[in-house]
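Below, each chain spelled out in residue letters.
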Amino acid sequence: MAIDKSLVSGSMTMLILKLLSEQDMYGYEMIDTLRQKSQNVFQLKAGTLYPLLHGMEEKGLVTVYEKEYAGKIRKYYSLTKQGHKLLTDKTEEWNTYANAVTNVLAFNV
């Protein structure tokens, strides 16, 4: 089943922060990891991810550093203290929202 893009876009920052809380990653690694962990539900495009990452960098949520791998220079993204804080806040917000939706959907009329 295809997921409505408006549902996905609202949670993408939180999902990227979560990935980076586990380890530093480069862009295509994030795309692949997100796809795998979501069992192909989230199939992010580079044209969507990189503007998100640049915005997160401008807000001080992530830092970027370069590292050579197999003869290529890759940009790795790392979560900052501020990024960890936002992830905690967004996760709490998401849990409240998800519980409320579940309660409404479970309510028998």
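This structure is a prediction, so every number in the text was calculated from the model and none was measured. (Residues numbered from 1 in each chain as written. Predicted model: local features only at pLDDT ≥ 70, side-chain atom pairs only at ≥ 80, totals over all residues. Heavy atoms only, no water.)

Examining the nonpolar core
Right, on to step 1. Ile16, Leu20 and Met30 are the most contacted members of the largest nonpolar core, which totals 20 residues.
Right, on to step 2. Broken down by element, this core gets its largest block of residues, 6 residues, from helix α1 (residues 5-22).
Right, on to step 3. Ignoring any residue separated from it by four or fewer positions in sequence, one finds Met30 in contact with Ile16, Leu19, Leu20, Met25, Leu49, Leu53 and Tyr77. (Core = buried A, V, L, I, M, F, W, Y, C linked by side-chain atoms within 4.5 Å. Buried < 20%, exposed > 50% of the residue type's maximum accessible area, 1.4 Å probe, protein only. Helix = DSSP H or I, 4+ residues; strand = E, 2+ residues; numbered from the N terminus. Contact = heavy atoms within 4.5 Å.)

Focus: the sheet that holds strand β1 (residues 25-26)
Right, on to step 1. Pairing is antiparallel in the open sheet, where 3 strands are placed in the order β1-β3-β2. Whereas interior strands pair on both sides, the edge strands pair on one side only; in this sheet they are β1 and β2 (62-69).
Right, on to step 2. Bridge count for β1 against strand β3 (residues 72-79) is 2 bridges, and the pairing is antiparallel. Directly across from Tyr26, in β3, lies its bridge partner Tyr76.
Right, on to step 3. Its contacts with the sheet place helix α3 (residues 46-58) against β2 and β3, and it is angled at close to 120 degrees to β2. (Pairing = 2+ DSSP bridges. Axes fitted to C-alpha atoms, helices over the stretch in contact; angles between N-to-C directions.)

Some points on α3
Right, on to step 1. An ideal rise of 1.5 Å per residue puts 18 Å on 13 residues; α3 measures up with 18 Å between its terminal C-alpha atoms.
Right, on to step 2. Trailing α3 by a residue or two, Gly60 shows a phi angle of about 80 degrees, which is positive. (Expected span 1.5 Å × (residues − 1).)

A few points about the packing of aromatic side chains
Right, on to step 1. Overall, the coordinates contain 4 aromatic pairs when judged by the stated rule.
Right, on to step 2. Centroid distance Tyr65 to Tyr76: 5.8 Å. Interplanar angle 15 degrees. Geometry classified as stacked. Here Tyr65 is found in strand β2, whereas its partner Tyr76 is found in strand β3, with 11 residues between them in sequence.
Right, on to step 3. Overall, Tyr65 belongs to the partly exposed group, its relative accessible area being 33%.
Right, on to step 4. Residue class for Tyr76 comes out buried when judged on its relative accessible area of 10%.
Right, on to step 5. Relative to Tyr97, the ring of Trp94 lies with its centre 5.6 Å away and its plane at 45 degrees, an arrangement referred to as tilted. Here Trp94 and its partner Tyr97 are both found in helix α4 (residues 81-106), 3 residues apart, which amounts to about one turn of the helix.
Right, on to step 6. Judged by relative accessible area, which is 45%, Tyr97 ranks as partly exposed.
Right, on to step 7. Following the ring pairs from residue to residue traces out a cluster consisting of Tyr26, Tyr65 and Tyr76.
Right, on to step 8. The residue whose ring lies beneath Lys67 is Tyr76, and the NZ or CZ to ring-centre distance is 5.6 Å.
Right, on to step 9. When the ring centre of Tyr26 is taken as origin, the NZ or CZ atom of Arg74, which lies over that ring, is 4.0 Å away. (Phe/Tyr/Trp six-rings, centres within 6.5 Å; stacked < 30°, edge-to-face > 60°. Lys NZ or Arg CZ within 6 Å of the ring centre and 35° of its normal.)

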